[in-house]
Amino acid sequence: MSFGQTEILRILGVTDALGLHREGIVIPLYNSGTGGFRMRGAKLEITAPGDGADFEAWLAALPAALQAFPDFPKARRAT
């Protein structure tokens, strides 16, 4: 799968809808594995799944996964 601006904007659409400030989000262009997220200091780093992974399924599950993330309240405050 090609990963670029289109996918980044779709991920940001999810985080926007959850009330996460874009200044608090980091989305690396390099992606591998199944995708995921973690807090890196005050920033929420979201890594999309790598080649061969189902980006559409991952993206559809992202809102619920982020809301279940224990640091979600911290991510909402990050700027």
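Quantities reported herein were computed from a predicted structural model and do not represent experimental measurements.

Asker: Where do I start with the overall build of the chain in this structure?
Answerer: Tallying secondary structure elements over the chain gives 3 helices and 3 strands in all. Counting helices and strands in the order they occur from the N terminus, the chain gives α-β-β-β-α-α. Here the C-alpha atoms of the chain give a radius of gyration of 12 Å, agreeing with the 12 Å that 2.2 N^0.38 yields for 79 residues. Dimensions of the chain, computed from the C-alpha atoms along their principal axes, are close to 35 × 20 × 20 Å. In the chain, buried positions account for 39% of the 79 residues. By sequence separation, contacts in the chain at least 24 residues apart represent 48% of the contacts at least 6 residues apart. Across the chain, the centroid of the 8 positively charged side chains sits 10 Å from that of the 8 negatively charged ones.

Asker: Any chance you could explain the packing of aromatic side chains here in plain terms?
Answerer: Here the distance between the centres and the angle between the planes together describe a pair of aromatic rings. Evaluation of the coordinates by the stated rule reveals 2 aromatic pairs. Ring plane angle 85° and centroid distance 5.0 Å describe the contact between Phe-37 and Phe-69, whose orientation is recorded as edge-to-face. With Phe-37 in strand β2 (residues 36–40) and Phe-69 in the loop between α2 (55–68) and α3 (72–77), this residue pair connects regions lying 32 residues apart in the sequence. Between Phe-55 and Trp-58, the ring centres sit 5.8 Å apart and the planes meet at 35°, which makes this aromatic pair tilted. With Phe-55 and Trp-58 both in helix α2 and 3 residues apart, this pair spans about one turn of that helix. Residue classification places Phe-55 among the buried residues on the basis of a relative accessible area of 5%. Here Trp-58 falls in the buried class, since its relative accessible area comes to 13%.

About the cut-offs
Residues numbered from 1 in each chain as written. Predicted model: local features only at pLDDT ≥ 70, side-chain atom pairs only at ≥ 80, totals over all residues. Heavy atoms only, no water. Helix = DSSP H or I, 4+ residues; strand = E, 2+ residues; numbered from the N terminus. Rg over C-alpha atoms; globule rule 2.2 N^0.38 Å. Buried < 20%, exposed > 50% of the residue type's maximum accessible area, 1.4 Å probe, protein only. Contact = heavy atoms within 4.5 Å. Lys, Arg positive; Asp, Glu negative; His and termini not counted. Charge placed at Lys NZ, Arg CZ, Asp CG, Glu CD. Phe/Tyr/Trp six-rings, centres within 6.5 Å; stacked < 30°, edge-to-face > 60°.

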